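Single-letter residue listing:
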Amino acid sequence: MKVLKRYANRRLYDPETSKTITLEDVAEMIIAGEEIKVIDNMSGQDITPKILGQTFLKVSLGQRNEEFSNYMLSALIRETGKDISALFGRLVLGGIGLAYLTKEKMDRILQSMVALGELRLEEVKSYREDLLTHLAQRASENSEQIQEDLKKVGRELEEGGEKELAVEDLSEKIRKIAERVKETEPL
């Protein structure tokens, strides 16, 4: 986990590289799979959620899609005002952030839900098992679809004499199959 500091002048600083960084730099770290933690240098307080929110706004508004940004933020605000455990389940089952969700991170999130009263301690085991069962079912469905897609690509290659298969088409099909394979990777 990369620890960043925010100074009184509101600038972010990376102690490892001894450089000032921007919110765009933070976004690049997150996109690359880096976990970050941001500490206020004066108070020592963890301000990671605040910086992540600012980063999301900066990046999403920078893409000039204000309608999407407004929709996403409004939806998150509405959903977090309700049942956090249900929202977490929908995010995971929807594949949002799943590539970066480890067992340890899931356990920390579930422990946090218990601490905040969003989930009872006796519900944690069944909640985790239900979520993993749904993920396994989805992975199985994806695996079957991947097998079908691979067979189809194989048939198209074999029929290459009859039907001209463009390299770009084949590359695109293989890319889509690779994305599905990545989605099926377990926690």
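The residue numbers shown here count from 1 along each chain, following its written sequence. Per-residue local features of the predicted model are confined to residues with pLDDT of at least 70, and side-chain atom pairs are confined, for both listing and counting, to 80 or more; whole-chain, interface and lining totals are unaffected and use all residues. Only hydrogens and water are set aside; all other atoms, that is, all heavy atoms of the structure, feed into the side-chain values.

- Per an unreviewed UniProt entry, the chain carries the name Polyhydroxyalkanoate biosynthesis repressor PhaR and comes from Leptospira dzoumogneensis.

### Notes on the environment of I21
Move 1: Only DSSP runs of H or I covering at least 4 residues are called helices, and only runs of E covering at least 2 are called strands; the numbering of each starts at the N terminus. Mapped onto the secondary structure, I21 falls in strand β3 (residues 19–21).
Move 2: Given a relative accessible area of 11%, I21 falls into the buried group.
Move 3: Taking the C-alpha atoms as reference points, I21 and R11, ten residues apart in sequence, are found 7.4 Å from one another.
Move 4: Not counting residues within four places of it along the chain, the set of residues in contact with I21 comprises L4, L12, Y13, D14, V26 and M29. Buried means the residue's accessible area, taken with a 1.4 Å probe over protein chains only, is under 20% of the maximum for its type, while exposed means over 50%, and partly exposed covers the values in between. In this description, contact between two residues means that some pair of their heavy atoms is separated by no more than 4.5 Å.

### So, helix α4 (residues 84–93)
Move 1: Listing the buried residues of α4 in full gives S85, L87, F88, G89 and V92.
Move 2: Note on α4: the residue one or two positions beyond its end, G95, has a positive phi of about 85 degrees.

### Considering the side chain of R6
Move 1: Within the element layout of this structure, R6 appears in strand β1 (residues 2–6).
Move 2: A relative accessible area of 11% means that R6 is categorised as buried.
Move 3: Definition of a polar contact: a pair of N or O atoms within 3.5 Å, with one able to donate and the other able to accept a hydrogen when the atoms are protein atoms, and with sequence-neighbouring residues admitted only if both atoms are side-chain atoms. A distance of 3.0 Å separates a polar atom in the side chain of R6 from a polar atom in the side chain of D40.
Move 4: Apart from residues lying up to four places away in sequence, R6 is in contact with R11, L12, V38, I39, D40, N41, I47, K50 and I51.

### Focus: the pattern of salt bridges
Move 1: Note on definitions: salt bridges are taken to be side-chain nitrogens of Lys or Arg within 4 Å of carboxyl oxygens of Asp or Glu. Tallying each qualifying case throughout the model produces ten salt bridges.
Move 2: Linking E16 and K2 is a salt bridge whose minimum nitrogen-to-oxygen distance equals 3.2 Å. One end of the pair, E16, is in the loop between β2 (12–14) and β3; the other, K2, is in strand β1, and 14 residues separate them in sequence.
Move 3: Here E16 falls in the exposed class, since its relative accessible area comes to 64%.

### Some points on the side chain of T48
Move 1: Here T48 lies in helix α2 (residues 48–62).
Move 2: The exposure class assigned to T48 is buried, which follows from its relative accessible area of 9%.
Move 3: A polar atom in the side chain of T48 sits 2.8 Å from the backbone nitrogen of V38.
Move 4: In contact with T48, not counting residues within four places along its chain, are I36, K37 and V38.

### Overview of the pairing of β1
A regular strand carries its side chains on alternate faces of the sheet.
Move 1: Of the two faces of β1, only one is covered, namely that formed by K2, L4 and R6; the face formed by V3 and K5 stays uncovered.
Move 2: At least two bridges found by DSSP between two strands are what make those strands a pair. Sheet topology note: the β1/strand β4 (residues 36–40) ladder contains five bridges and is parallel. Paired with L4 across the two strands is V38, which belongs to β4.
Move 3: Relative to β2, β1 runs antiparallel, the two sharing two bridges. Of the residues in β2, the one forming a bridge with R6 is L12.

### Considerations on the nonpolar core
Soluble globular proteins: nonpolar side chains tend toward being buried together.
Move 1: Counting residues in hydrophobic clusters, the biggest one holds twelve residues: F88, V92, L98, L101, M106, L110, M113, L119, V124, Y127, L131 and L135.
Move 2: At the level of elements, α4, α5 (103–115) and α6 (124–158) are the ones that each hand at least two residues to this core.
Move 3: At four residues, the largest contribution of residues to this core is made by α6.
Move 4: Ignoring any residue separated from it by four or fewer positions in sequence, one finds V92 in contact with L98, L101, L131 and L135. We define the nonpolar core as a collection of buried residues of types Ala, Val, Leu, Ile, Met, Phe, Trp, Tyr and Cys that are connected through side-chain atoms lying within 4.5 Å of one another.

### Considering the sheet that holds β4
Move 1: The strand order across the open sheet built from four strands is β3-β2-β1-β4, with neighbouring strands paired in mixed fashion. Only two strands of the sheet have a single partner each, and these edge strands are β3 and β4. Each neighbouring strand pair of the sheet contributes to a mean axis angle of 40 degrees, computed without reference to strand direction.
Move 2: Direction of pairing for β2 relative to β3: antiparallel, over a ladder of three bridges. Looking at the pairing, D14 lines up with K19 of β3. To get an axis, a line is fitted to the C-alpha atoms, and for a helix only the part in contact is used. The angle between two axes follows their N-to-C directions and goes from 0 to 180 degrees.

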